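Below, each chain spelled out in residue letters.
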Amino acid sequence: MRPTGKLHLGNYVGALQNWVKLQHSHECFFFVADWHALTTDYDDTSRLADNTLEVLLDFLAAGLDPEKCTIFVQSHVKQHAELHLLFSMITPLGWLERVPSYKEQQQNMPDKNLHMYGFLGYPLLQAADILIYRPDFVPVGEDQAAHVELTREVARRFNHFYTLQGKLVFPEPQVLLTPSPKLLGTDKRKMSKSYGNSILLSEESDQVAEKIRNSVTDRPKLTDKGNPRDCPVGNLHQIFSDPKTLVYITQGCTQATITCVECKELAIKSVNSHLEPIRERRRHLSQKPEHLREIMRQGDQKALKASEETMVLVRESIGLLSMGSMELPISSAKELPLRVPESSATAKTEDERWEISATPWLERVAKSHPLRKDRPRTFITRRGRKVGVHTAAEHGGLWKFRFTDRPLNVLVLLAEDKERYLHDYILPPKLVQDHWKQFAREDGNVVISVKKAGDGIALVVKDQDIPIQQYKGNYADLE
Ligand code: SF4
């Protein structure tokens, strides 16, 4: 939801009320779309931060539970912007220009200059907002179902250009149709902040009462028969009143046996009794701004983690150069087709053996860069050091590690023994530098041989053995 102000009853019955239900049946991500607010309200941002907090308050007051769903602020999760940018590289302009709301909104807001790049691209930002969580469903009302189609097309197009080892990066999310009754504003037009005809979720009971009492109705004269469907007050009854009251006012309205005054008083009672617990939660939360910020921070973190997991896949599938494993906190232990010595493993069973926490290297290997027996990997540390990593199996007491012939600062040799246990040797920059030219060359590769020597292991350089036992598990140079 865009933070253009506090939420009104139209937002509540059109979406928020359903979200509260969905959090119990699905893993959900809900966010305050502050970047989206800028697509139209770019020229006055004086209330943007306050409104973002107000919408967060409305979310929580309405019943979204941070323990059950992820609630966050869009601009705090930069991955949305990154994915939007990457999508913008592959999305034809025509797709965006033909989105109906592009022209409609420009016509509806003639005083506003919406000939902006951000405004044209907002459906693509929306696609990124959705796809970054690789969801199965997008909960929308019937009239918004078409919007999700662009998202599906973008996912299809991305998957067409880029895959990850033959696998698709994005699902094509389905529309999860949710009931979203239309609520008329107090002047009988659609309820909208810009029309000034809305009742806010956070309004006090007397303000709600006053607005309902001043509402336009469907019966100009007492003797006229009306239809609750065409009346803002009747609308409120349909959503907030119990069945008995609804039957009573429907008969009374259609047969002109009750007055609109009586009908309005009943509606005030129904709406206020529904809103009271929401107001109470809001009052409680607004007295604890630090608590609200903590909820936001935790939601931001959860969203950040989930979205970064997608971005790792996206970047790799596109072929962007990785920032280096040190930046990425995820263990690839499950993907590593090698074992480590029993002593380094925290778990006991065959499957669990990959849950390694004691080996720092493994904790630093990016999920997107599973180690392979058959090819070396180069990682770049934050300080720009190139770390070459390769694995080799033992043949007759000898391991041969092949690296491409490019200078590396640190070598990580992962030597697999006959038992398929993995021994890790981290050769420091000086050692690597001193001997780089002396290593054997084969087919343009540098071949580094290591052999068993006594109880330990040694580097073979021009018939000279250099013991490297002291570098086993020594990650100081890597740090
Ligand atoms: S009786 Fe109620 S529903 Fe009917 S027109 Fe009057 S206020 Fe609206």
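Residues numbered from 1 in each chain as written. Predicted model: local features only at pLDDT ≥ 70, side-chain atom pairs only at ≥ 80, totals over all residues. Heavy atoms only, no water.

Regarding empty space enclosed by the protein
Selection rule: Using protein atoms alone on a 1 Å grid, points that fit a 1.4 Å probe yet trap it form a cavity, whereas open point sets bounded by protein on both sides within 12 Å along at least five of seven lines form a pocket; residues with an atom within 4 Å of a point count as lining. Grid points are joined across faces, edges and corners, and a volume is the space filled by probe spheres set on the points. In this description a helix means any DSSP run of H or I spanning at least four residues, a strand means any run of E spanning at least two, and both kinds are numbered starting from the N terminus.
Scanning all chains against the criterion turns up one cavity of 30 Å³ or more. In this structure, the largest cavity spans a volume of roughly 90 Å³. Secondary structure elements with two or more residues in the lining of the largest cavity: helix H11 (232-240) and helix H13 (260-286). Ranked by residue count, the leading element in the lining of the largest cavity is H13, at three residues.

Comments concerning the packing of aromatic side chains
Note the following rule: Any Phe, Tyr or Trp ring, taking Trp's six-membered ring, that has another such ring centre within 6.5 Å forms a pair; planes under 30 degrees apart are called stacked, those over 60 apart edge-to-face, and the others tilted. Each residue's exposure class comes from its accessible area (1.4 Å probe, protein chains only) as a fraction of the maximum for that residue type: buried when under 20%, exposed when over 50%, partly exposed otherwise. Consider the ring centre and the ring normal. A charge sits over the ring if Lys NZ or Arg CZ is within 6 Å of that centre and within 35 degrees of that normal.
What the rule picks out here adds up to twelve aromatic pairs. Considering the side-chain rings of Trp-19 and Phe-59, the 5.6 Å spacing of their centres and the 75° angle between planes classify their relative orientation as edge-to-face. Residue Trp-19 is found in helix H1 (residues 9-25), and its partner Phe-59 is found in helix H3 (residues 48-62); the two are separated by 40 residues along the sequence. In this structure Phe-59 comes out as buried when scored by relative accessible area, which is 0%. Measuring from centroid to centroid gives 6.0 Å for Phe-161 and Tyr-162, while their planes differ by 45°, and the two rings are tilted. We classify Tyr-162 as partly exposed; its relative accessible area is 21%. Here a set of aromatic residues connected by ring pairs shows up, and it is made of Phe-87, Phe-158, Phe-161, Tyr-162 and Phe-170. Geometry around Tyr-42 places Lys-112 over its ring, the cationic atom sitting 5.9 Å from the centre.

Looking at the site of the ligand
Going by this rule: We call a residue near a molecule or strand when any one of its heavy atoms sits within 4 Å of it. Just a note on the criterion: a molecule sits in a pocket or cavity if more than half of its atoms are within 2 Å of the grid points. By the convention adopted, Pro, Cys, Tyr, Trp, Phe, Met, Ile, Leu, Val and Ala count as nonpolar, Lys, Arg, Asp and Glu as charged, and the other residues, Gly among them, as polar.
Taken together, the neighbourhood of the ligand is formed by Thr-217, Asp-218, Arg-219, Pro-228, Cys-231, Val-233, Gly-234, Cys-253, Cys-260 and Cys-263. Comparing atom positions with the cavity grids shows the ligand to sit within the largest cavity. Elements represented by at least two residues in the shell around the ligand include exactly H11 and H13. For the shell around the ligand, the class distribution of residues is six nonpolar, two polar and two charged.

Side note on the pattern of salt bridges
This is how it is decided: Counted as salt bridges are all cases of a side-chain nitrogen of Lys or Arg within 4 Å of a carboxyl oxygen of Asp or Glu.
Applying the stated rule across the entire model yields 29 salt bridges. A salt bridge links Asp-187 to Arg-189, with the nearest nitrogen and oxygen atoms 3.1 Å apart. Residue Lys-430 is joined to Asp-434 by a salt bridge in which the shortest nitrogen-to-oxygen separation is 2.8 Å. Of this pair, Lys-430 and Asp-434 both sit in helix H16 (residues 429-435), four residues apart, which is roughly one turn of the helix. On the basis of relative accessibility, which here comes to 57%, the residue Lys-430 falls in the exposed class. Here Asp-434 falls in the partly exposed class, since its relative accessible area comes to 40%.

A closer look at a nonpolar patch on the surface
Selection rule: Patch building starts from residues that exceed 30% relative accessible area and form no salt bridge, then joins like charges within 9 Å and nonpolar side chains (Val, Leu, Ile, Met, Phe, Trp, Tyr) within 5 Å. We get accessible surface area from the Shrake-Rupley algorithm with a probe of 1.4 Å; when it comes to residues, only the shown protein chains can shield them.
A contiguous nonpolar patch, built from Leu-38, Tyr-42 and Met-116 and spanning about 220 Å² of accessible area, is present on the exposed surface. Within the secondary structure, Met-116 sits in the loop between helix H6 (100-108) and helix H7 (117-120). The exposure class of Met-116 is partly exposed, given its relative accessible area of 32%.

As for the pairing of strand E6 (residues 386-393)
This is how the line gets drawn: At least two DSSP bridges between two strands are required for those strands to pair.
Within E6, six of the eight residues are buried, which leaves it mostly tucked inside the rest of the structure. Pairing geometry for strand E5 (residues 377-380) and E6, over four bridges, is antiparallel. Bridge pairing in E6 places Phe-379 opposite Val-387. As defined by bridge partners, E6 adjoins strand E8 (residues 410-416) across seven bridges and the pair is classed as parallel. Note on E8: the bridge partner recorded for Thr-391 is Leu-414.

Details of helix H10 (residues 205-213)
Applicable threshold: As used here, the arc belongs to the directions running from the helix axis to the C-beta atoms. In what follows, residue pairs with any heavy atoms lying within 4.5 Å of each other are defined as contacts.
Residues Val-208, Ala-209 and Ile-212 constitute the buried set of H10. Taken down its axis, H10 places every buried residue within 100° of arc, on the same side. Facing away from the buried side of H10 by more than 90 degrees, the exposed set consists of Asp-206 and Glu-210. Lining the buried residues of H10 we find H11 and H13.

Re the sheet that holds E8
Test applied: Axis definition: a line fitted to C-alpha atoms, over the contacting stretch in the case of helices. Angles run 0 to 180 degrees between N-to-C directions.
In spatial order, the strands read E5-E6-E8-E9; together these four strands make up an open sheet with mixed pairing. Of all the strands in the sheet, the pair left with one neighbour each is E5 and strand E9 (422-427). Ignoring strand direction, the axes of neighbouring strands in this sheet form an average angle of 20°.

A look at the confidence of the model for the chain
When pLDDT is low, close inspection of the predicted coordinates is not appropriate. Cut-off, in case you're wondering: pLDDT: the predictor's confidence for each residue, scored from 0 to 100.
Here the chain shows a mean pLDDT of 86. Residues at 70 or above account for 89%. Every residue in residues 325-369 is under pLDDT 50, and counting partners more than four places away or in other chains gives 101 contacts.

Some thoughts on unusual backbone geometry
One non-glycine residue with positive phi stands out, namely Arg-134, at about 40°. Secondary-structure assignment places Arg-134 in the loop between helix H8 (122-131) and strand E3 (137-140). Given a relative accessible area of 32%, Arg-134 falls into the partly exposed group. Even without glycine at this site, Asp-443 takes up a positive phi of about 50°.

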